[in-house]
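Residues per chain are reported as follows:
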Amino acid sequence: MVRPNPSAAVELAPDVAWLRSSFANVYLVGKAENWVLIDAGVVGYTRQILDAVHVRFGENAKPKAILLTHGHYDHVGCARDLIRLWNVPAYAHPMEFPYLTGKSLYPRKDPTVGGAMGFLSRFFPARTVNLGDSLLALPPGNEVPALPGWQWIFTPGHAPGHVSFWRESDRTLIAGDVVATADLDSWRGMMSRKKQLSGARSPFVYDWAKTKTSVEALAALRPHVLACGHGEPMEDAADELAAFATGFTPPAKGRYVDVAARTDADGVVYEPPPPRDNLPKMAAGLVAGVFVLAGVVYRKRGKNAQRDFRPAEPRS
Ligand SMILES: [Zn+2]
Ligand SMILES: [Zn+2]
């Protein structure tokens, strides 16, 4: 399917459309008059999101709500702008509230897990946004506001209140950052944007046991379409996700590998001490600069990938 308009989001399942904001995905889910935005992208992409909304739902369209898989900065970058423009609430799991209301920082990132994302995480901001009174709790019972037929599933480990969104009828799964469908563990994978499951060395994971349980829970759903926070959505994903879950092991080393961080409803209560991080800051900055430049070149390639995405036939 070729998009008729380059601003358009790409439909990957009935009433589910995908839009890339830099390296993070957002999803427009539902029908006109009754739809939600799932995740709010990287900061600076408000215009692109609005353009995609206008193309899909009309000039003055606005969602019933913004739903957040979690509150990391690359999933809430446009949240405040959009909440202000649309005057709608944002929903998240209560365990994400401390980080989305300015009460606590997330458990500290762990660059010592290694890999490309581990390296780059040294330069990611620790602070996320404060959504104040606009933030509401996902309802107990797993129903999803404004989306009949969907349920939210608690999938912590990457973030304390991480949730995924699941539609049983056609086995569509929006999995946030529990896994990614681009190889974020290697430089080559990140640059090529080749579709591949990864996430086993995420520097954001604060609890590897919980992460493994979450990966296994999602694999057990046997999703047909797997749409993540990072990477091009994957069709016919059940077997690949099952194999990924079976082979999932924590990284060989890292801050949270032996002992997890602990959090509660007020935020972080315990972090194990950090291992020694030997990377000289200046060298790290230099390599990161080269990577950002190269990313500009590859961004065009990513746009083409989105334009050419072909959804698979739905399967019951
Ligand atoms: Zn994340
Ligand atoms: Zn992310």
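Predicted model, so just to flag it, every value in this text is computed and none were measured. (Residues numbered from 1 in each chain as written. Chains lettered and ligands numbered in written order. Predicted model: local features only at pLDDT ≥ 70, side-chain atom pairs only at ≥ 80, totals over all residues. Heavy atoms only, no water.)

Trainee: Would you mind showing me how to read the coordination of the zinc ion (ligand 1) here?
Mentor: Reference values for coordination geometry: four tetrahedral donors around a metal ideally subtend 109.5 degrees, six octahedral donors ideally subtend 90 or 180 degrees. Coordination of the zinc ion (ligand 1) by the protein comes from H70 (NE2), H72 (ND1), H158 (NE2) and D177 (OD), over a distance range of 2.1 to 2.3 Å. Coordination at the zinc ion (ligand 1) is irregular: its four donor atoms span angles of 90 to 173° at the metal. Read N to C, the donor residues that coordinate the zinc ion (ligand 1) are spaced as H-x1-H-x85-H-x18-D. Here the zinc ion (ligand 2) and the zinc ion (ligand 1) are spaced 3.4 Å from one another, each receiving a donor from D177. Of this pair, H70 sits in the loop between β5 (65–67) and α2 (79–86) while H158 sits in the loop between β8 (150–154) and β9 (163–167), and the two are 88 residues apart along the sequence. (Donors = N, O, S within 2.8 Å, 3.2 Å for Na, K, Ca; no water. Tetrahedral: all angles 85-135°; square planar, octahedral: opposite > 155°, others 65-115°. Helix = DSSP H or I, 4+ residues; strand = E, 2+ residues; numbered from the N terminus.)

Trainee: Sorry, what's going on with the side chain of D39 here?
Mentor: As for its position among the elements, D39 is in the loop between β4 (34–38) and α1 (46–57). In this structure, D39 is buried with no salt-bridge partner, the nearest side chain bearing the opposite charge being R20 at 13 Å. Among the polar contacts made by the side chain of D39, one reaches the side chain of H75 at a distance of 3.0 Å. Excluding residues that lie within four positions of it along the chain, D39 makes contacts with N25, V26, L67, L68, T69, H70 and H75. (Buried < 20%, exposed > 50% of the residue type's maximum accessible area, 1.4 Å probe, protein only. Lys, Arg positive; Asp, Glu negative; His and termini not counted. Salt bridge = Lys/Arg side-chain N within 4 Å of Asp/Glu carboxyl O. Polar contact = N/O pair within 3.5 Å; in protein donor to acceptor, adjacent residues only side chain to side chain. Contact = heavy atoms within 4.5 Å.)

Trainee: What is the right way to read the coordination of the zinc ion (ligand 2) from this model?
Mentor: Every protein donor of the zinc ion (ligand 2) is accounted for by D74 (OD), H75 (NE2), D177 (OD) and H230 (NE2), and the metal-donor separations fall at 2.0 to 2.3 Å. Here the zinc ion (ligand 2) is ringed by four donor atoms whose angles at the metal span 84 to 160°, and the overall shape comes out irregular.

Trainee: Explain the nonpolar core here, please?
Mentor: Nonpolar side chains tend toward joint burial in soluble globular proteins. If you look at the biggest cluster of nonpolar residues, it comprises 32 residues, and the most contacted ones within it are L37, I49, I66, W86 and L131. For this core, the elements supplying multiple residues, two or more each, are β2 (16–21), β3 (24–31), β4, α1, α2 and β6 (90–92). The element that contributes the greatest number of residues to this core is α1, accounting for five residues. Setting aside chain neighbours within four positions, we find L131 in contact with L68, A79, R80, I83, A90 and L100. In terms of nonpolar packing, the next biggest core, distinct from the first, is built from 26 residues, A200, L218, M234 and A261 among them. (Core = buried A, V, L, I, M, F, W, Y, C linked by side-chain atoms within 4.5 Å.)

Trainee: Any chance you could explain the packing of α1 against α2 here in plain terms?
Mentor: How two helices sit against one another is set out by the angle between their axes and by the gap between those axes. Running from N to C, α1 and α2 point in directions that differ by 45°, and their axes come no closer than 10 Å. Judged by the inter-axis angle, α1 sits oblique to α2. The element α1 and its partner α2 pack so that their crossing is right-handed. Contacts between α1 and α2 involve T46, I49, L50 and V53 on the former and, on the latter, D81, L82, L85 and W86. Residues that form the contact of α1 with α2 fall into these classes: six nonpolar, one polar and one charged. (Axes fitted to C-alpha atoms, helices over the stretch in contact; angles between N-to-C directions. Parallel < 35°, antiparallel > 145°, perpendicular 65-115°, else oblique. Left-handed = near helix turned anticlockwise from the far one by under 90°. Nonpolar A, V, L, I, M, F, W, Y, C, P; charged D, E, K, R; others polar.)

Trainee: Before we go on, may I ask you to explain the sheet that holds β4 in this structure?
Mentor: Backbone hydrogen bonds hold the strands of a sheet together, and the pairing may be parallel or antiparallel. Pairing is mixed across the open sheet formed by seven strands, whose spatial order is β1-β2-β3-β4-β5-β6-β7. This sheet does not close on itself; its edge strands, each paired only once, are β1 (10–13) and β7 (135–137). Strand-to-strand twist across the sheet, computed as the mean angle between neighbouring axes with direction ignored, equals 35°. Pairing analysis gives three bridges linking β1 to β2, with the strands arranged antiparallel. Paired with V10 across the bridge in β2 is W18. In the packing of α1 onto the sheet, the strands contacted are β1, β2, β3 and β4, and the crossing angle to β3 comes to about 25°. Each of β4, β5 and β6 is contacted by α2, which is oriented at about 160° to β5, the strand it contacts most. (Pairing = 2+ DSSP bridges.)

Trainee: Any chance you could explain the environment of A182 here in plain terms?
Mentor: By secondary structure assignment, the location of A182 is in strand β11 (residues 180–182). With relative accessibility at 7%, the residue A182 sits in the buried group. Once the C-alpha coordinates of A182 and M234 are considered, the two residues, 52 residues apart in sequence, prove to be 9.9 Å apart. Beyond its immediate stretch of four places on either side in the chain, A182 contacts K194, Q196, S198, H230 and G231.

Trainee: Sorry if this is basic, but what is going on with the packing of helix α6 (residues 208–220) against helix α7 (residues 238–246) here?
Mentor: The interhelical angle for the contact between α6 and α7, taken along N-to-C directions, is 155°, at an axis separation of 9 Å. Judged by the angle between their axes, α6 and α7 are roughly antiparallel. As for the relative orientation of α6 and α7, their crossing is left-handed in sense. When α6 is examined against α7, the residues K212, V215, E216, L218 and A219 are found in contact with a partner set consisting of L241, A242, F244 and A245. Looking at side-chain class alone, the contact of α6 with α7 contains seven nonpolar, no polar and two charged residues.

Trainee: What exactly am I supposed to notice about the confidence of the model for the protein here?
Mentor: Segments scoring low in pLDDT should not have their predicted coordinates read at a detailed level. Of all residues in the protein, 87% attain a pLDDT of 70 or more, and the chain-wide mean is 89. Note that residues 312–316 has pLDDT below 50 and, in this model, 10 contacts with residues that lie over four places away or in other chains. (pLDDT = per-residue confidence, 0-100.)

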